[in-house]
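# Summary of the model geometry
Spelled out from the first residue to the last, the chains are:
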Amino acid sequence: MIEDLLRVYRDAGRKTLETIKTQPLALLLPLGLHLLFTLVDRLSGSLSRTGLLAGFILAIIYALITSLGLSQYDYLIRYQTLNRGNPLDQARAYFTPVYSVYFILMILSILLGSLPNAFGPLVLLYFIFNPLPEVLYISQRYGLDAMKKALEFTKANFLHWLLALGLYILLSTLILGWPQVFRGLVFSDIVDQMLGFRPYLGGGISQNTRALLAQILTGFYMVYRGHLYKNLATSSRRKRDYMGAWQ
C-alpha cells in the first residue's frame with residue numbers, strides 16, 4: 001500500500017511539475033477565477049431585489065464561470081497548456097454537468113443545514129464528494145451519475161486522495177488560518193474547489209500576500225489532483241504494481 005501510494009504521488013508530482021513548467025500561468029488560474037466570482041458578487045447587488053429569481057440567475061452565472069475553469073483544467077491535464085479557445089465555448093462546455101450537480105448539492109445542503117448540528121454533515125459532504133470537479137471534466141459524468149462516481153472513487157482511493165487533500169488543507173491553514181479554512185469546508189461549493197478557500201483580497205499587504213500565496217498553492221494543487229485523479233481512475237492497484245515491476 002505505501003509503495004503504491006508513493007509511486008502514484010511521484011507520478012502525479014512529476015506530471016504536475018512538467019505541466020507548470022510548460023504553463024506557469026496555471027498557478028494563477030484560481031486567482032483569475034476568484035476575481036471573476038468576486039466581480040459577479042459585487043455586481044449582483046442589483047439582483048437582490050428580484051428574490052428567488054436572483055438565485056437562479058446567479059447560479060447560472062456561477063456555473064458558466066466554473067465551466068470555464070474546468071475547460072482550462074481539462075486542457076492543462078490533457079495537453080499541458082491553457083485553453084485559448086473562445087471563452088464563450090469554454091463557459092458552455094461543462095455548463096450542463098456543473099449546473100446539474102449544483103442543483104443536487106443545493107438540495108443536500110438544505111437538508112443537512114436543517115439538522116441541529118449541521119457543521120459535521122456539511123464537512124463530511126465536502127470530503128465524500130471531493131473529487132467532483134475531476135469527475136466532471138475527466139470522467140465526463142454529470143448529475144446523479146457524477147455524484148455516484150465521486151462517491152465510488154473516494155471509497156476506492158480513500159487513502160490516496162484524502163491524504164493529499166489533508167496536506168492541502170494543512171498548508172492552507174498555515175497560510176490563511178483555521179477560521180477561513182473551516183468556513184471554506186462548510187460553506188464552499190464542492191464543484192468550485194478551484195477557487196480554494198476564497199481568501200479575502202483588498203486588505204493590507206500582509207493579507208493580500210497570504211491570499212496570493214493561498215491561490216498559488218491552490219493552482220498547484222488543482223493541477224496535481226487532476227493528474228492524481230486521472231492516474232487512479234484509469235488504473236487499478238494491480239495494474240500499477242505490474243507496470244511498476246517493469247520500470
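Residues numbered from 1 in each chain as written. Predicted model: local features only at pLDDT ≥ 70, side-chain atom pairs only at ≥ 80, totals over all residues. Heavy atoms only, no water.

## A closer look at the nonpolar core
Counted only if it meets this: To qualify as a nonpolar core, a set must consist of buried Ala, Val, Leu, Ile, Met, Phe, Trp, Tyr and Cys residues joined through side-chain atoms within 4.5 Å. The cut-offs for exposure are 20% and 50% of the maximum accessible area for each residue type, with area from a 1.4 Å probe on protein chains only; residues under the lower value are buried, those over the upper are exposed, and the others partly exposed. The helix and strand labels rest on DSSP assignments: H or I over at least four residues marks a helix, E over at least two residues marks a strand, and numbering proceeds from the N terminus. Between two residues, a contact is recorded if the distance between any of their heavy atoms is within 4.5 Å.
Of all hydrophobic cores here, the largest spans 64 residues; its most connected members are Tyr73, Val98, Val101, Leu132, Phe197 and Leu228. The dominant element in this core, judged by the number of residues it contributes, is helix H11 (residues 205–233), at nine residues. For Leu228, the residues in contact, after removing those within four places along its chain, are Val8, Tyr9, Ala12, His160, Trp161 and Ala164.

## Examining the environment of Lys15
Relative to the assigned elements, Lys15 resides in helix H1 (residues 2–22). Sequence separation between Lys15 and Leu27 is twelve residues; the distance between their C-alpha atoms is 14 Å. Residues within four places of Lys15 in sequence aside, it is in contact with Gln80 and His227.

## Some details on the pattern of salt bridges
The test is simple: The term salt bridge refers to a pairing of a side-chain nitrogen on Lys or Arg with a carboxyl oxygen on Asp or Glu at a separation within 4 Å.
Enumeration over the complete set of coordinates arrives at ten salt bridges. For Asp11, the salt bridge identified is with Lys15, shortest N-O distance 3.3 Å. With Asp11 and Lys15 both in helix H1, this residue pair falls four residues apart, about one helical turn. Linking Arg198 and Asp192 is a salt bridge whose minimum nitrogen-to-oxygen distance equals 3.7 Å.

## Structural notes on empty space enclosed by the protein
Heads up, the rule is: Here the term cavity refers to a set of points on a 1 Å grid, laid over the protein atoms alone, in which a 1.4 Å probe fits but cannot get out; the term pocket refers to an open set having protein on both sides within 12 Å along at least five of seven lines, with lining residues being those that place an atom within 4 Å of a point. Grid points are joined across faces, edges and corners, and a volume is the space filled by probe spheres set on the points.
One pass over the structure, following the stated rule, counts two cavities of 30 Å³ or more. Approximately 50 Å³ is the volume attributed to the largest cavity. For the largest cavity, the full set of lining residues is Tyr126, Tyr168, Ser188, Asp189, Gln193, Gly196 and Phe197. Roughly 30 Å³ of volume is contained in the second largest cavity. Contributing to the lining of the second largest cavity are Tyr168, Ser172, Leu176, Gly196, Phe197, Pro199, Ala214, Gln215 and Thr218.

## Considering the side chain of His160
One can find His160 in helix H9 (residues 158–176). For His160, a relative accessible area of 5% gives the class buried. Leaving out residues up to four positions away in the same chain, His160 has contacts with Met1, Asp4, Leu5, Val8, Tyr9, Leu228, Leu232 and Arg240.

## Topic: the layout of surface pockets
Quick note on the threshold: The nonpolar class holds Ala, Val, Leu, Ile, Met, Phe, Trp, Tyr, Cys and Pro. Asp, Glu, Lys and Arg form the charged class, and all remaining residues, Gly among them, are polar.
In this structure, the largest pocket spans a volume of roughly 640 Å³. If you go around the largest pocket, you meet 25 residues; those closest to its centre are Tyr102, Leu105, Met106, Ser109 and Asp189. Of all the secondary-structure elements, those providing two or more residues to the lining of the largest pocket are helix H3 (52–79), helix H5 (95–113), helix H6 (119–128) and helix H10 (178–187). The dominant element in the lining of the largest pocket, judged by the number of residues it contributes, is H5, at seven residues. For the lining of the largest pocket, the class distribution of residues is 19 nonpolar, three polar and three charged.

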